[in-house]
Amino acid sequence: MRQHPVYALTMNNAEVVPETHDNPPWYARDSDGSILYSGVPDRLVGHPELARRGIALDYALKPGVVFESLAKDEGPGDRGFVVKVLDLEDEELEIYERLLGCLDSPQNHTIPCEVVRNGHPMLIMPMLSRMELVISRWCKSFSDLVDVFYQLVEGVAFLHKHHIVHMDLCFGNVGGALSLPASYHAALRLGRVYIYDFNTSRQFTRGPDSQPAITLPETQVPPPNGITQFDPYSWDVYCLGVLLNELMDLYAERKPTPPRLLRRYALWLIGNERGCRAACRCRPTAQTALRVMSVVRWKVSALGWSLKMFRLPFSAIRHF
């Protein structure tokens, strides 16, 4: 049986965010008025737009904000849906509307989802596979791992091209489509990696190479050296390097050690932060990183073809 996380939070170990009339958090309440952190609030249980789609939410992924509908058939490839209540005090709704308007672009790795405006705005999204499963089940070779790297870098470069900065790029805010149930959004593509959760994301007038540092919001990736002022575009690239390093560590648990080239690439993105207050030069822009990753992908593909041609062990590629 599929397992899901249980939030065992209490007033002593979790900060309770005050509820407003419309903006999240929307907490479920027990009969005595206490918060049920893993529960689904009544206003979502009976929501007409969810009922019309046959979506019955089961528990909270992020208490009061993000909720999941578990797959009911548990068949191969059958997964549930995620519903996120949007906070209208941040830029997430506007960013999703911009990005969903250009899903036809192959460089756009925003998760295909639906914005529901009947009542308070919320998102209905397909439940993607966690990156642990993407690495363990889909990455059968070095070239598969490089493809995942390329997609992530491509997705960040696309955001930055449109002057959108994610600000919280991390392991929990990306996922992959390992299967495609018929009920999913038609734009979801098998084997594709997607980026989501734009609640701390920002839109800027200036682009990469010209945006000065801003104060970082609360993020899941700790800033290097305790720095709180960061060029936001450069911060995304730093977080991307940390993410790629984590993915390589996962890959190395089950497969031969990844090529040193990939490790050096991730460390290049992480850079050596010096606390720049103007546009940061401590690491490459996402667009430069994408150009280099294009070369890396070609090199790995060519080496893999050569190894097969001469029937050499594929582990020989690890030294590059």
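Residues numbered from 1 in each chain as written. Predicted model: local features only at pLDDT ≥ 70, side-chain atom pairs only at ≥ 80, totals over all residues. Heavy atoms only, no water.

1. Focus: the overall build of the protein chain
The helix and strand inventory of the protein chain stands at 8 helices and 13 strands. Every one of the 320 residues in the protein chain was classed for burial, and the buried ones make up 52%. Partitioning the contacts of the protein chain with sequence separation of at least 6, the portion at a separation of at least 24 is 63%. Element-wise, carbon and sulfur atoms account for 53% of the exposed surface of the protein chain, whose accessible area totals about 15,600 Å². (Helix = DSSP H or I, 4+ residues; strand = E, 2+ residues; numbered from the N terminus. Buried < 20%, exposed > 50% of the residue type's maximum accessible area, 1.4 Å probe, protein only. Contact = heavy atoms within 4.5 Å. Areas by Shrake-Rupley, 256 points an atom, 1.4 Å probe, with all protein chains shown as cover.)

2. Some remarks on helix α4 (residues 131–138)
Of all the residues in α4, the buried ones are Met131, Leu133, Val134, Ile135 and Ser136. Where α4 is buried, its residues meet α5 (142–161), β9 (174–176), β10 (193–195) and α6 (232–254).

3. Some details on the sheet that holds strand β6 (residues 114–116)
The strand order across the open sheet formed by 5 strands is β3-β4-β5-β7-β6, and the pairing between neighbours is antiparallel. Where the open sheet ends on each side, the last strands, each with one partner, are β3 (59–62) and β6. Neighbour-to-neighbour, the strand axes of this sheet turn through a mean angle of 30°, independent of strand direction. In this sheet, strand β7 (residues 122–126) lies alongside strand β5 (residues 81–85) in antiparallel orientation, the contact comprising 5 bridges. (Pairing = 2+ DSSP bridges. Axes fitted to C-alpha atoms, helices over the stretch in contact; angles between N-to-C directions.)

4. Digging into α6
Here α6 is 23 residues long and its end C-alpha atoms lie 34 Å apart, about the 33 Å a rise of 1.5 Å per residue gives. In terms of burial, α6 is largely enclosed, as 18 of its 23 residues are buried. Where α6 begins, the side chain of Asp231 points an oxygen toward the backbone nitrogen of Tyr233, at a separation of 3.0 Å. (Expected span 1.5 Å × (residues − 1). Polar contact = N/O pair within 3.5 Å; in protein donor to acceptor, adjacent residues only side chain to side chain.)

5. Description of the environment of Arg202
Locating Arg202 in the fold gives a position in strand β11 (residues 202–203). The class for Arg202 is partly exposed, based on a relative accessible area of 33%. Excluding residues within four positions of it along the chain, Arg202 makes contact with Glu91, Ile95, His163, Ile164, Val165, Met167 and Ile214.

6. Describing the pairing of β5
A large share of β5 lies buried, amounting to 5 of its 5 residues. Covered by surrounding structure in β5 are Phe81, Val83 and Val85 together with Val82 and Lys84, the residues of both alternating faces. The pairing of strand β4 (residues 66–69) with β5 spans 4 bridges and is antiparallel. Each bridged residue has a counterpart across the sheet, and for Ser69 the counterpart in β5 is Phe81.

7. Observations regarding the nonpolar core
Counting 75 residues, the largest nonpolar core has Tyr96, Leu152, Leu244 and Leu247 as its most contacted members. In terms of residue count, α6 provides more of this core than any other element does, 13 residues in total. Setting aside residues no more than four positions away along its own chain, Leu247 makes contact with Met131, Ile135, Val148, Phe149, Leu152 and Phe171. Counting 14 residues, the second-largest nonpolar core is a separate cluster that includes Trp26, Leu50, Ile55 and Met122. (Core = buried A, V, L, I, M, F, W, Y, C linked by side-chain atoms within 4.5 Å.)

8. Remarks on the packing of α4 against α6
Helix packing geometry: the angle between the two helix axes and the distance between the axes. Relative orientation of the contacting elements α4 and α6 amounts to 40°, with a least axis distance of 10 Å. The angle between α4 and α6 falls in the class oblique. As α4 packs across α6, the resulting crossing turns out to be right-handed. Between α4 and α6, the contacting residues are Met131, Glu132, Ile135 and Ser136 on the first element and Leu247, Leu250, Tyr251 and Arg254 on the second. (Parallel < 35°, antiparallel > 145°, perpendicular 65-115°, else oblique. Left-handed = near helix turned anticlockwise from the far one by under 90°.)

9. A closer look at the pairing of β3
Taken together, the 3 bridges between β3 and β4 define a ladder with antiparallel strand orientation. Across the sheet, Ala60 pairs through a bridge with Phe67, a residue of β4. The hairpin formed by β3 and β4 contains 3 residues between the paired strands, and Gly64 there has a positive phi angle of roughly 80°.

10. Looking at the packing of α6 against helix α7 (residues 260–270)
Axis separation between α6 and α7 bottoms out at 7 Å; the angle between their running directions is 155°. Relative to α7, the element α6 lies roughly antiparallel. Once α6 is placed against α7, the crossing between them reads as left-handed. For the pair α6 and α7, the contacting residues are Val237, Tyr238, Leu240, Gly241, Val242, Leu244, Asn245, Met248 and Asp249 in the first and Leu262, Arg263, Tyr265, Ala266, Leu267, Leu269 and Ile270 in the second.

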